[in-house]
Amino acid sequence: MSAGQRVVSDLLIQKVSQKEESAMLFSGIPFLFYFLPAVVLVYSAVASRHGNLVLLISSLIFYAWGEPVYVLLMLGMVITGYIFGLLIERSSGHPKLSRLYMVISVIISLAVLGYFKYADFFIANFNAATGLSLPLLRIALPIGISFYTFQIISYTADVYRGNVSAQKSFVDFAAYVTFFPQLIAGPVVRYSDIEKQLTGREQTAEKILTGIRRFIIGLAKKILIANQLGELCGIFRASGEKSILFFWLYAAACVLNIYFDFSGYSDMAIGLGRIFGFEFPENFNYPYTSGSITEFWRRWHISLGSWFRDYVYIPLGGNRVGKLRHIFNIAVVWMLTGLWHGASWIFVIWGLYFAVLLIFEKYFMLKILNKSKVLNHIYVLFFITVSFVLFDSADLSMAASYIGGMFGAGGYPAVSDEALYYLRSYGVTILIGIIGSTPLIKRAGIWLSRKLGSAVYIIEPVLLCALLLICSAYLADGSYNPFLYFRF
Amino acid sequence: MKNWDKNRLAVNVIAIFFFLLTLACWFLPKKAFSDSERRELAKLPEISPSNIADGGFMTGFETYSADHFPFRDDMRTLKALFNRYIFRRADSSGIYITDGYAVKTVYPLDPDSVNYAAKRFRYVYDRYLENSGCNVYFAVIPDNGYYLAEKNGYLTLDYGELVKLLKEKTAGFALHIDLTSSLDETCYYRTDTHWRQEKLRDAAYTLLTRMGNKAPERGYKTNTLDYPFRGVYCGQSALPLKPDTLCYLTWEGMEDCTVINGETGKAMPFYDMEKAAGKDPYMMFLGGSLSLLTIENPHAAENKHLIIFRDSFGSSIAPLLTESYGKVTLADIRYLNPEYLGGFVDFENADVLFLYSTLILNESSAIK
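One structure accompanies this document, and this report is about it. Note that this is a predicted model, so its numbers are computed, not measured. (Residues numbered from 1 in each chain as written. Chains lettered and ligands numbered in written order. Predicted model: local features only at pLDDT ≥ 70, side-chain atom pairs only at ≥ 80, totals over all residues. Heavy atoms only, no water.)

The next subject is the sheet that holds strand E13 (residues 327-331) of chain B. Residue and element names in this part refer to chain B. Reading across the sheet, the eight strands line up as E6-E5-E14-E12-E13-E11-E9-E10 and stay open at both edges, with mixed pairing between neighbours. Each edge of the open sheet is held by one strand with a lone partner, namely strand E6 (175-177) and strand E10 (267-268). Each of strand E12 (305-310), E13 and strand E14 (351-357) is contacted by helix H11 (residues 314-321), which is oriented at about 170° to E12, the strand it contacts most. (Pairing = 2+ DSSP bridges. Helix = DSSP H or I, 4+ residues; strand = E, 2+ residues; numbered from the N terminus. Contact = heavy atoms within 4.5 Å. Axes fitted to C-alpha atoms, helices over the stretch in contact; angles between N-to-C directions.)

Turning our eyes to something else, we now look at the packing of aromatic side chains. For the structure on display, the rule yields 103 aromatic pairs over all chains. Between Trp65 of chain A and Phe57 of chain B, the ring centres sit 6.0 Å apart and the planes meet at 75°, which makes this aromatic pair edge-to-face. Placement of Trp65 of chain A in helix H2 (residues 29-66) and of Phe57 of chain B in helix H3 (residues 56-67) is noted, with the two residues assigned to different chains. As far as burial versus exposure is concerned, Trp65 of chain A and Phe57 of chain B are alike and both buried. When the ring of Tyr259 of chain A is compared with that of Tyr288 of chain A, the centres are 5.3 Å apart and the planes differ by 50°; the resulting orientation is tilted. (Phe/Tyr/Trp six-rings, centres within 6.5 Å; stacked < 30°, edge-to-face > 60°. Buried < 20%, exposed > 50% of the residue type's maximum accessible area, 1.4 Å probe, protein only.)

As a further point, take the pairing of E13 of chain B. Residue and element names in this part refer to chain B. Counting buried residues along E13, four of its five residues qualify, which places the element largely inside the surrounding structure. With five bridges connecting them, strand E11 (residues 292-296) and E13 associate as antiparallel partners. Each bridged residue has a counterpart across the sheet, and for Thr294 the counterpart in E13 is Thr329. Bridging between E12 and E13 involves five bridges; their strand directions are parallel. Looking across to E13, one finds that Ile307 is bridged to Thr329. Once the chain exits E12 it traverses H11 before rejoining the sheet at E13, and the crossover so formed is right-handed. (Right-handed = clockwise from strand over helix to strand, strands pointing away.)

Turning our attention to the pattern of salt bridges. Once the charged atoms of two side chains with opposite charge are near each other, the side chains can pair. Residues and elements named next belong to chain A. Scanning all chains against the criterion turns up 24 salt bridges over all chains. With a shortest N-O distance of 2.7 Å, Arg237 and Asp392 are connected by a salt bridge. Remark: Asp392 occurs in helix H15 (residues 373-392) and Arg237 occurs in helix H9 (residues 205-238); sequence separation between them is 155 residues. Look at Asp392 and you get partly exposed, because its relative accessible area is 22%. A salt bridge links Arg274 to Glu279, with the nearest nitrogen and oxygen atoms 3.3 Å apart. Given a relative accessible area of 14%, Arg274 falls into the buried group. (Salt bridge = Lys/Arg side-chain N within 4 Å of Asp/Glu carboxyl O.)

The next point concerns the interface of chain A and chain B. Between chain A and chain B, the contact holds 52 residues from the first and 48 residues from the second. For the pairing of chain A and chain B, the buried interface totals around 4800 Å² over both sides, and the portion due to carbon and sulfur atoms is 69%. Counting the surface chain A buries against chain B, the share from its top three residues, Tyr34, Tyr421 and Tyr457 of chain A, is 14%. Inspection of the region where chain A meets chain B yields three salt bridges. Ionic pairing is found between Asp477 of chain A and Arg76 of chain B, a salt bridge with its closest N-O pair at 2.6 Å. Linking chain A with chain B are 17 residue pairs in polar contact (both at pLDDT 80 or more). Of all elements in the fold, only helix H1 (3-22), H2, H9, helix H17 (417-436) and helix H19 (456-477) of chain A reach the threshold of two or more residues within the side of chain A that touches chain B. Take the side of chain A that touches chain B: its biggest share by element is 14 residues, from H19 of chain A. Classifying every residue of the side of chain A that touches chain B gives 37 nonpolar, seven polar and eight charged. (Buried area = accessible area lost by both parts, 1.4 Å probe. Polar contact = N/O pair within 3.5 Å; in protein donor to acceptor, adjacent residues only side chain to side chain. Nonpolar A, V, L, I, M, F, W, Y, C, P; charged D, E, K, R; others polar.)

Shown next, in the form of structure tokens:
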């Protein structure tokens, strides 16, 4: 890694740490027991007339908690998206003008995203390539910028395509973009998903109950599983006594940590949406049960994958082109997907890693993979594990060292006292994580609820309260509790 | 009951629970101090435009809201129990329970920390001891993990490596006194970091004889506090631990000894019974964390001077060392900068003992 890249990598780590410390997180006491109850109370009082206004104001407060200055940037982006949406629709009779407005809107969104997220990455690489020493801008990355710019881009693109009507109400549009459940960490909710819900959503007890259930389960996934395994990852990185077993323990913890952290947060977002009457799209569908990498990316971060498919892959021609162009399209989409995750070569390589696998599957492997359910799962888990170790590494040399260590490179012993101790200490958490990443628990829950009949309406809320209490106990013991994905 | 009624009932049950907890967060009175953690709890951060603009209020509120969560000690216990019995975690907040003892994980060895401590010892030697006719020693007090960890499958620092590092860095001026054979796990409290004074006679014997004194012969009476001693690990681990009993030793002629608090210049008792009834009863031994104090014993075998550079472990063993020394000076260079020692301590022809626990040596940044 060049000196410039190292600086950018350090900057990213510093930026992430600062943001994690100040953002309001769903899995934090200020959100759970101060912000959320206040919002629910006020919303319940005025939902019929001013529901979206309440959601907008509370979302701005939510965002300003972590970004007291950049909330203005987000508002500026919302205003831009709103105005261009109207301009695009009003000029629909003049296709060139309409297209121009759409292009300008997309350029503005990408320019803002590019400036705040990628400027130093490009400067550092420019310096490395040319030998110059242009100073880095050292701009703080606004939380959630990757999510809300993508939402605005998809909105203006959909208005241009005629898939949706431009939103006339600024409050409704702003409420959509800034809505706090999905603002800083997704899912990437498209305007078309909730267009009708902005003005015509229904809140029922059943919906609220399913929303609460989803939220509490997501909270438990994040606090009880993801955070604990995140600790183990930290212990591994700090350890001076690595062994092959410890590398694999770390890899397992890393894979489960990322899944439970991100899917837990998505569950909380979806659950919160439902409490307020919104149906958000699913973002995870048991990705670790996939039989191919192709299938994995239909089950993992679904909203992001479908966004890139609809707004990059298909406009590039998708698979309705020659073979070479098709491969090029896949490579571009996955390079951009990697880059979306972070301004670092690690993420670009991570994205291209999947491009290679997907191309390989599309042209050679898929038929073979379909023949054996066991081997195909082992194949998927193996490549996903390696990918997330890469994803979790600060730089390429660390990634190479960790992945090499998993396979015996580096002269590490097979086993160490430290690895055995942490295997013993985290073994149950890992086992729960493995089972929890399959549909088994959900199916068991459905079976049990059928057996319990009406009693489930008493037992379930008691269990959910107990789970909320346990999660609160963990939070009371130490509130610092960052979420991985909002650095994007 | 119709389905929508059942759904409404379920939502109401959860909502009532949730809002009760919320009201408790908002309105229950806030404590200033945590007895279990022995620290002040966070205050509400300043609400000002600048503090909000730079995010200081938000960061402070995170800590404040966690510190003042309703029934926080019970919540911590709930978490510790859940971790221990459901997740089967080996430790709770870095503390594990084995053979009935709470043990803090001291791992891994931090060579930089040990080297720093040794550097400060050498500074004291170079500045005050080199030409003073002193005999200099050092002894490392193993934490109870030394005796409990390995045999029970827990991690502990490499004690041998720690001592080896110290020996290398103090070579030429300090002699090592090995205490490991003079102690075992029963010499430590079950719920606290420290060792039990009534079990230190072997350790005192080793120190005194290795420093060239004749074998101690003094008889002691063991006194036990009436109330239970909940050591520091009770609060830190948040696990429901059975409390200890705290004992202290007295001997004939003790009342003729004089203990002077170097900070105030006033006389004080060996054992402060007010502190024995306070939040941290171990502080009863020689008043707890004092930077400088002296003990004079007119009945000592010889009118020699012993200077102990120590941490809190030194407070309970120092009384036993007075048998051989007419004067014992205790200096804690975590609180007293060695720069200023010369103004308070006469080093001439003294025996000097650097007596520190592995806990301090492995995290020695507090040593000035």
